[in-house]
Amino acid sequence: MKIVDIRHITVPIQSDMANAFINFSKMDVSVLAIVTDEVRDGRTVIGYGFNSNGRYAQPGILSHRIIPRVLDSEPDTLVDPETGHLDPGLIWTASMRDEKPGGHGDRAVAVGILDMASWDLAAKLAGISVQQLIAERSPAGIGTANKKVWVYAAGGYYYPDRGIDALQDEMKRYLAMGYRTVKMKIGGASLADDIRRIEAVLSILPDGATLAVDANGRFDTEQAVEYARALEQLPLHWYEEPTDPLDYEALGIVAENYTGVLATGENLLSRHEATNLIRYGGLRSDRDVLQMDSALSYGFTEYQRTLSMLTGYGWDAARCVPHGGHQFNLAIAAGCGLGGSESYPGIFEPFGGFADGDEVQDGFITLPDVPGIGLEEKSSLAPVLAQLGNSN
Ligand SMILES: [Mg+2]
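Because the structure is predicted, anything quoted here is derived from the model rather than measured. (Residues numbered from 1 in each chain as written. Predicted model: local features only at pLDDT ≥ 70, side-chain atom pairs only at ≥ 80, totals over all residues. Heavy atoms only, no water.)

K.L.:
For helix H11 (residues 327–336), give the residues involved together with the corresponding values.
P.N.:
What sets the pattern is the α-helix's 3.6 residues per turn: residues three or four places apart point alike. Among the 10 residues that make up H11, 10 are buried, leaving the element largely enclosed by the rest of the structure. Restricting attention to buried positions, one finds in H11 the residues Gln327, Phe328, Asn329, Leu330, Ala331, Ile332, Ala333, Ala334, Gly335 and Cys336. The elements touched by buried residues of H11 are helix H3 (105–126), helix H4 (130–137), strand E4 (148–154), helix H10 (299–312), strand E10 (341–343) and strand E12 (364–366). Downstream of H11 by a residue or two, Gly337 has a phi angle that is positive, lying close to 65°. (Buried < 20%, exposed > 50% of the residue type's maximum accessible area, 1.4 Å probe, protein only. Helix = DSSP H or I, 4+ residues; strand = E, 2+ residues; numbered from the N terminus. Contact = heavy atoms within 4.5 Å.)

K.L.:
I'd like a description of unusual backbone geometry, backed by residues and values.
P.N.:
Although it is not a glycine, Asp98 sits at a positive phi angle of roughly 65°. Inspection of the secondary structure assignment puts Asp98 in the loop between helix H2 (88–95) and H3. By relative accessible area, which is 71% here, Asp98 ends up exposed. One non-glycine residue with positive phi stands out, namely Tyr298, at about 70°.

K.L.:
Give a detailed account of the environment of Leu269, specifying residues and quantitative values.
P.N.:
If you trace the backbone, Leu269 turns up in the loop between strand E8 (262–264) and helix H9 (271–280). The exposure class assigned to Leu269 is buried, which follows from its relative accessible area of 7%. Sequence separation between Leu269 and Val109 is 160 residues, and the spatial gap between their C-alpha atoms is 7.7 Å. Once residues lying within four places of it in the same chain are set aside, the contact partners of Leu269 are Arg55, His104, Gly105, Ala108, Leu296, Ser297 and Tyr298.

K.L.:
Describe the domain arrangement of the protein, naming the residues involved and giving the relevant values.
P.N.:
The domain boundaries assigned to the protein delineate domain 1 (3–127) and domain 2 (148–382). Look at where the C-alpha atoms of domain 1 and domain 2 centre, and you get two points 24 Å apart. Facing the 35 residues of domain 1 at the interface are 45 residues of domain 2. For Lys124, the salt bridge is made with Glu376, and the minimal N-O distance between the two is 2.6 Å. Linking domain 1 with domain 2 are 13 residue pairs in polar contact (both at pLDDT 80 or more). Elements represented by at least two residues in the side of domain 1 that touches domain 2 include exactly strand E2 (28–40), strand E3 (43–50), H2 and H3. Top element by residues in the side of domain 1 that touches domain 2 is H3. It accounts for 12 residues. Across the side of domain 1 that touches domain 2, the residue classes break down as 20 nonpolar, nine polar and six charged. (Domains from an automatic or database assignment. Salt bridge = Lys/Arg side-chain N within 4 Å of Asp/Glu carboxyl O. Polar contact = N/O pair within 3.5 Å; in protein donor to acceptor, adjacent residues only side chain to side chain. Nonpolar A, V, L, I, M, F, W, Y, C, P; charged D, E, K, R; others polar.)

Below is the structure:
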């Protein structure tokens with residue numbers, strides 16, 4: 001078995017929304033296919049991957065560095081000698097040849113795209129779901145993948161010409177879809193305005209439903225602490241990314257001033273950055289939430305090493321709830337027993353969201369049980385994948 005081609009395209013995500021830091025009108029995504037010479041039931045076996053939202057497409061790094069290294073590798077060096085199947089870890093190692101330590105940035109995104117496709121491919125070759133493959137084969141796996149995963153609805157962006165009524169209506173829609181926790185942006189307005197927006201959402205939540213807020217790394221230390229003191233008076237699920245993602249000292253100061261739950265990690269692109277967060281960020285392993293996103297940070301091949309690091313520092317995998325709202329992180333959550341996965345209902349289409357017919361019930365979603373990640377089970381995504389080659 002060997003890889004015969006690796007193709008990629010750049011696809012826009014059109015949206016007029018904004019968080020405290022960026023607007024998404026120019027955001028795009030790389031979609032990649034690993035094409036093999038393996039045929040199953042008359043169809044060529046292809047693994048697909050893409051990058052998570054919040055970072056841009058990576059056509060340059062993929063074309064000039066990552067993909068040629070894999071295609072130039074001797075086929076035997078990419079295959080698990082025991083199973084004869086292509087091995088995501090070996091493909092990952094080939095893709096990182098001649099790269100120095102450090103310098104993560106966009107390279108981590110590009111490798112994450114390839115790695116998602118590698119795991120999709122590996123699961124298809126094994127004939128099982130990627131969550132079960134991860135549960136069985138990864139050192140971070142739990143043996144048998146969870147059938148359901150907790151998800152929360154992330155939205156509440158700042159839109160031009162949308163007021164508090166529209167924000168409340170958006171959150172009511174998420175609740176009607178079965179979510180029990182919703183999330184909204186803060187930091188794009190004044191503290192007083194943000195508190196009014198938060199209280200407006202809290203006022204429409206039924207018993208048992210909760211609200212998280214996300215500042216997207218917008219605040220300096222003083223502002224983050226000012227918000228922390230105000231937010232502590234409110235019953236929030238968590239306060240997300242108050243300060244710059246790499247300013248661990250500032251985060252530690254916020255932690256000293258906030259007894260509620262803090263969440264962060266979506267903008268850390270390697271396990272080394274995650275290690276520094278745990279060492280120096282002042283986070284508390286009994287309550288805080290870690291949101292590293294495999295599809296932005298060297299893929300699951302790296303994420304399982306991050307989970308091992310966390311275990312070494314006394315953190316439980318259940319404290320991890322990855323950013324991204326895509327099916328791969330959902331599968332990782334099921335295979336590694338994570339606390340849950342983010343969800344963006346109706347946003348970042350067609351890459352956000354889950355397989356057709358998957359419905360959220362009381363805050364949990366059931367995963368598709370098909371070979372691979374199940375990306376083809378999403379009718380809005382399937383035509384994008386088909387642009388890279390049909391599995392027939
Ligand atoms: Mg966030």
